[in-house]
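Remarks on the overall topology
As a plain string of letters, each chain reads:
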Amino acid sequence: MRNSTYVHEFHVDVAGTGFTVLDRIYADGDLHDEALGGSCGNVLVSLAMLHRQVAPVLALGDDDAGERLVDEFTQAGAMVSYIARRAGIRSPVLAQELDTASGHHDFRFTCPETQEELPRYQPIDEVDLAHALPVLRHCSVFYADRLSDSILEAMRTASAGGAIIYFEPSDFEEGDQFEEALQLASVLKYSEDRLGDRLASRSTKCVRIVTYGSAGLEIRDDVDTVWCEAIRAPAVLDTCGSGDMVSVGVIDWMLTNRSQSARPRAADLIEGIHAGQRLAAENCAYAGARGLFKSRGADYVRDVLSMRYSAATK
């Protein structure tokens, strides 16, 4: 079944597609929670909770897990008209195992209880892409963390409409598809540990945000390179979602400063980087990729991003 709601063309803050799953969170061996997860899912739903106009462009199964994911987007205030529900696929599920003593977490695509294989992520197809053209042509920011033929075409469409293309790949594959995505990107964010060796020599015109785990991150373009020390977390219960919170801070800041062009410079984004780092640090004190949102609420998160908070309010 495909969502048949018709939506007129209008401007939205963020459209995005990519890795969105139902996270099953096991804390110290016991099932603790089920929640929308995946980098794309976390970033989009967090921005929606911050009252940004967000349009996820996704392919999910017509099943209970898909219903749960759509419900979370709806409750956050996102537009769900561009989420396809298909009878022929199962919505993706990911198991996260958390050790609360150390804050360490592992991910697996098998169920810890039954050892059965969990359903995997599937990208949008040509039909989903065609349905989403209204928002792709009229968004300020387009976010993607995965690539496929249809996702690349979505990037082209959003770029042609003047959107900032925020590309956060989790992996790298040689080929024309990835090379074109790098050229379309306005902001390229990746882990030095995972992709540094393979992306360092790639020529791009974009701003690069290169993360170094708990040490901090580097933001650079062809003129400037700025090192940003990590902000110390008040407590560490779960580090899951830290990188996503940095992206939330950067994108939220770019939306607030709408004078930014589709090709921002590194120096333009420093304030947004610091906002995202503050959010990531605060979020570490709570279980789950968006534990801070759930425990303190979106208004408190907005205060963190705007520096309208202090240790006395915690």
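Whatever comes next refers back to the structure up there.
In this report, we go over the structure that sits alongside the text. All values derive from a computational prediction rather than experimental measurement.

Per the stated rule, a full pass over the model turns up four aromatic pairs. Centre to centre, the rings of F19 and Y121 are 6.0 Å apart; their planes meet at 75°, and the pair counts as edge-to-face. Taken together, the residues span a long stretch of sequence, with F19 in the loop between β1 (12-17) and β2 (21-27) and Y121 in the loop between β8 (104-108) and α3 (126-136) at a distance of 102 residues. Overall, the relative accessible area of 11% leaves F19 in the buried class. Ring geometry for Y212 against W227: centres 5.4 Å apart, planes inclined by 65°, an arrangement best described as edge-to-face. Placement of the pair is Y212 in the loop between β12 (207-211) and β13 (216-220) and W227 in strand β14 (residues 225-229), with a sequence separation of 15 residues. For the cation-ring pair, R296 lies above Y300, with the distance from its terminal atom to the ring centre recorded as 4.2 Å.

Residues V14, F73, Y166, I209, I219, I251 and M254 are the most contacted members of the largest nonpolar core, which totals 58 residues. Top element by residues in this core is helix α7 (residues 242-256). It accounts for eight residues. Excluding anything up to four places from it in sequence, I209 contacts Y166, V187, L188, K189, Y190, L217, E218, I219, V250 and I273. V12, A144, M155 and L184 belong to the second largest nonpolar core, which has 38 residues in total.

Moving on to the pattern of salt bridges. Under the definition given, this model contains 19 salt bridges. Among the salt bridges present, the one from R120 reaches E117, with a minimum N-O distance of 3.0 Å. Among the ionic pairs, R265 bridges to D222, the shortest N-O distance being 2.4 Å. Here the residue R265 occupies a position in the loop between α7 and α8 (270-283), and D222 occupies one in the loop between β13 and β14, the gap between them amounting to 43 residues. What you see here is one network of salt bridges that share partners, running through R24, E34, R68, E72 and R290.

Time to look at helix α10 (residues 298-306). All buried positions along α10 are accounted for by Y300, V301, V304 and L305. Angularly, the buried residues of α10 cover 145° about the axis, an arc narrow enough to put them on a single face. Each element contacted by the buried residues of α10 is listed here: α7, α8 and α9 (291-296). Downstream of α10 by one or two residues, M307 has phi in the positive range, about 65°.

The subject of this paragraph is unusual backbone geometry. The phi torsion at H51 lies on the positive side, around 70°, for a residue other than glycine. In this structure, H51 sits in the loop between α1 (39-49) and β4 (54-56). For H51, a relative accessible area of 65% gives the class exposed.

What follows deals with α1. The element α1 is largely enclosed, with a buried count of nine among its 11 residues. Looking at α1, one finds that the buried residues are C40, G41, N42, V43, L44, V45, S46, L47 and A48. Positive phi shows up at H51, right after α1, with a value of about 70°.

Reading the values: the criteria
Residues numbered from 1 in each chain as written. Predicted model: local features only at pLDDT ≥ 70, side-chain atom pairs only at ≥ 80, totals over all residues. Heavy atoms only, no water. Phe/Tyr/Trp six-rings, centres within 6.5 Å; stacked < 30°, edge-to-face > 60°. Helix = DSSP H or I, 4+ residues; strand = E, 2+ residues; numbered from the N terminus. Buried < 20%, exposed > 50% of the residue type's maximum accessible area, 1.4 Å probe, protein only. Lys NZ or Arg CZ within 6 Å of the ring centre and 35° of its normal. Core = buried A, V, L, I, M, F, W, Y, C linked by side-chain atoms within 4.5 Å. Contact = heavy atoms within 4.5 Å. Salt bridge = Lys/Arg side-chain N within 4 Å of Asp/Glu carboxyl O. Arc of directions from axis to C-beta.

Spatial relationships are all this shows, so hold off on functional conclusions.
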